[in-house]
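Structural characterization, general
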Amino acid sequence: MNAALPPACPDTRLLDEFQRDLPLVPRPFAAMGQALGLTESEVLDRLCRLVAAGRVTRVGATCRPNTAGASTLAALAIPEPRIEEVAAIVAAEPGVNHSYLREDDWNLWFVATAPDQPALDESLARIEAATGLRVLSLPLVRPFNIDLGFPLRGPRAPLGLDRPADLSVLQGDDRPLMQALSSGLALVPRPFAALAETLGRSEGDVIARIATLARARLLTRVGVIVRHRALGWTANAMVVWQLPDAAIEPAGRALAQVPGVTLCYQRRAEPEVWDWPLFCMIHARSRPEAMAVLDHARALPELAAAPHKILFSTRCFKQVGALIQDAA
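These notes cover the structure that comes with them. Here the structure is a predicted model, which means the values were calculated and not measured. (Residues numbered from 1 in each chain as written. Predicted model: local features only at pLDDT ≥ 70, side-chain atom pairs only at ≥ 80, totals over all residues. Heavy atoms only, no water.)

1. Considering the overall build of the protein
Within the protein, the secondary structure is distributed over 10 helices and 11 strands. Its C-alpha atoms give the protein a radius of gyration of 20 Å, within 12% of the compact-globule value 20 Å for 328 residues. In terms of overall dimensions, the protein has C-alpha extents of about 55 × 45 × 40 Å along its principal axes. Nonlocal contacts in the protein, meaning residues at least 24 apart in sequence, comprise 78% of its contacts between residues at least 6 apart. Looking at the protein as shown, the accessible area adds up to about 13,800 Å², and 55% of this sits on carbon and sulfur atoms. (Helix = DSSP H or I, 4+ residues; strand = E, 2+ residues; numbered from the N terminus. Rg over C-alpha atoms; globule rule 2.2 N^0.38 Å. Contact = heavy atoms within 4.5 Å. Areas by Shrake-Rupley, 256 points an atom, 1.4 Å probe, with all protein chains shown as cover.)

So, in structure tokens, the structure goes:
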């Protein structure tokens, strides 16, 4: 059910205040409850109910693309009669973590993830072989904002520019920890202790390591990961822009700071197939609201007269965490 939560609902506060900055303490849900005027068990009950209702995908983390693993944004141009069939094939691929139908000739867009580039290439090749369709792969070149944790109530505000990752902190044993966070923490009073037992580490070590990875921007967000469509944000548009190379960085930096723009990044263009290197996402509760944000973006001097396309999403087929480590 796609319905917005009432502004005063405790669930709304829970989601608004903890989409990032999950308390990195042994009993994080008790700390959340203290901030919200709820007990630990009430917080856990609410989160379990929100997960069961499809409004929350997990409590965990989002991992920065192409750090511990490999990823790309990909698309297929599917004939109308085959959409259900092909979308099911794509969703069945383990590394596909997001898959949306959008209004364009390239109509199925998905994020493919894998432990490394060869595994990612094999995943895309399997999709091509199974569908008989070309996969358009558009790897990330430069992020301007890749943090989707925006407030669900109140006026829209700029989300700010991305801070570069410090790859020097990445260690060999971070991959299983990051995979666990991408899959989601157990909704129990001491989730870090449960995770530590699974990984053969100590609770204190797991908490400290998560904090280090978050500071280094290898984890872009640690908190409650929501499903925006299920919360009433159903008018979501991917807008792509055609710009010369020298104009992309100033345009991307300006675009990322428009209130209502929730993601912004440059991706590799594909000559004669996809010449739209600058991407942004607009999440909104209605198409007029989304178009108002786009009007603000189109008025930027850096985007003056720049050709662009608007690809509204019409259906979500899959939304899970990234695949960073193959299952043992």
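Resuming the write-up.
2. Structural notes on helix H2 (residues 28-36)
Restricting attention to buried positions, one finds in H2 the residues Pro-28, Phe-29, Met-32, Gly-33 and Leu-36. Seen along its axis, H2 keeps its buried residues to an arc of 140°; they face one direction. The inward-facing, buried residues of H2 contact helix H1 (10-17), helix H3 (40-52), strand E1 (56-63), helix H7 (191-199) and strand E7 (219-226). (Buried < 20%, exposed > 50% of the residue type's maximum accessible area, 1.4 Å probe, protein only. Arc of directions from axis to C-beta.)

3. A word on the packing of aromatic side chains
Applying the stated criterion to the full structure yields six aromatic pairs. With centroids separated by 6.5 Å and ring planes inclined at 70°, the aromatic side chains of Trp-109 and Phe-279 adopt a geometry described as edge-to-face. On the criterion of sequence distance, the pair formed by Trp-109 in strand E4 (residues 108-114) and Phe-279 in strand E10 (residues 278-284) is long-range, its members being 170 residues apart. Pair check on accessibility: Trp-109 and Phe-279 agree, each one buried. These aromatic residues form a ring-pair network of at least three members: Trp-109, Tyr-265, Trp-274, Trp-276 and Phe-279. Seen from the ring of Phe-312, Arg-287 lies directly overhead, with NZ or CZ sitting 4.1 Å from the centre. (Phe/Tyr/Trp six-rings, centres within 6.5 Å; stacked < 30°, edge-to-face > 60°. Lys NZ or Arg CZ within 6 Å of the ring centre and 35° of its normal.)

4. Topic: the sheet that holds strand E6 (residues 140-145)
Pairing within the open sheet is antiparallel, and its nine strands lie in the order E5-E2-E4-E3-E11-E8-E10-E9-E6. Taken across any chain shown, the strands that pair with only one partner, and hence form the sheet edges, are strand E5 (136-138) and E6. Between one strand and the next, the sheet's axes are offset by a mean angle of 30°, whatever the strand orientation. Pairing of strand E3 (residues 96-102) with strand E11 (residues 308-319) involves five bridges; the strand directions are antiparallel. When the bridges of E11 are listed, Tyr-100 appears paired with Cys-316. Contacts from helix H9 (residues 245-255) reach E6, strand E8 (235-241), strand E9 (261-267) and E10 within the one sheet, and its direction differs from that of E6 by about 35°. (Pairing = 2+ DSSP bridges. Axes fitted to C-alpha atoms, helices over the stretch in contact; angles between N-to-C directions.)

5. Quick look at helix H8 (residues 203-215)
Spanning 13 residues, H8 covers 19 Å between terminal C-alpha atoms, matching the ideal 18 Å at 1.5 Å per step. Elements that come into contact with the buried residues of H8 comprise helix H6 (174-183), H7 and E7. One or two steps after H8, the chain reaches Arg-217, where phi turns positive at roughly 65°. (Expected span 1.5 Å × (residues − 1).)

6. Observations concerning the nonpolar core
Residues Met-32, Leu-219 and Val-224 are the most contacted members of the largest nonpolar core, which totals 41 residues. Excluding residues within four positions of it along the chain, Met-32 makes contact with Leu-14, Phe-18, Leu-22, Pro-23, Val-43, Leu-47 and Val-224. In this structure, Ile-248, Ala-284, Leu-303 and Phe-312 belong to the second largest nonpolar core, which totals 26 residues. (Core = buried A, V, L, I, M, F, W, Y, C linked by side-chain atoms within 4.5 Å.)

7. Quick word on the environment of Ala-112
Structurally, Ala-112 can be placed in strand E4. In this structure, Ala-112 is in contact with Ala-70, Ser-71, Thr-72, Gly-95, Val-96, Leu-120 and Leu-124, ignoring residues within four places of it in sequence.

8. Considerations on the pattern of salt bridges
Going through the model one piece at a time under the given rule, you end up with 24 salt bridges. Linked through salt bridges whose partners overlap, the residues forming this network are Arg-13, Asp-16, Glu-17 and Arg-153. (Salt bridge = Lys/Arg side-chain N within 4 Å of Asp/Glu carboxyl O.)

9. Let's talk about a negative patch on the surface
Together, Asp-116, Asp-121, Glu-122 and Asp-326 line one region of the surface with negative charge. In this structure, Asp-326 sits in the segment after E11. (Patch = residues over 30% accessible without salt bridge, like charges linked within 9 Å, V, L, I, M, F, W, Y side chains within 5 Å. Lys, Arg positive; Asp, Glu negative; His and termini not counted. Charge placed at Lys NZ, Arg CZ, Asp CG, Glu CD.)

10. Some remarks on unusual backbone geometry
Negative phi is the rule for most residues except glycine; trans is the rule for most peptide bonds. Phi at Asp-21 takes a positive value of approximately 60°, unusual for a residue other than glycine. Inspection of the secondary structure assignment puts Asp-21 in the loop between H1 and H2. Non-glycine residue Glu-272 carries a positive phi angle of around 65°. Mapped onto the secondary structure, Glu-272 falls in the loop between E9 and E10.

11. A word on the environment of Leu-181
Summarising the element assignment, Leu-181 is placed in helix H6. Under the relative-accessibility criterion, Leu-181 is labelled buried at 0%. Taking C-alpha positions, Leu-181 is 4.7 Å from Gly-60, a pair spaced 121 residues apart along the chain. In contact with Leu-181, not counting residues within four places along its chain, are Arg-58, Gly-60, Ala-61, Leu-195, Ile-210 and Leu-219.

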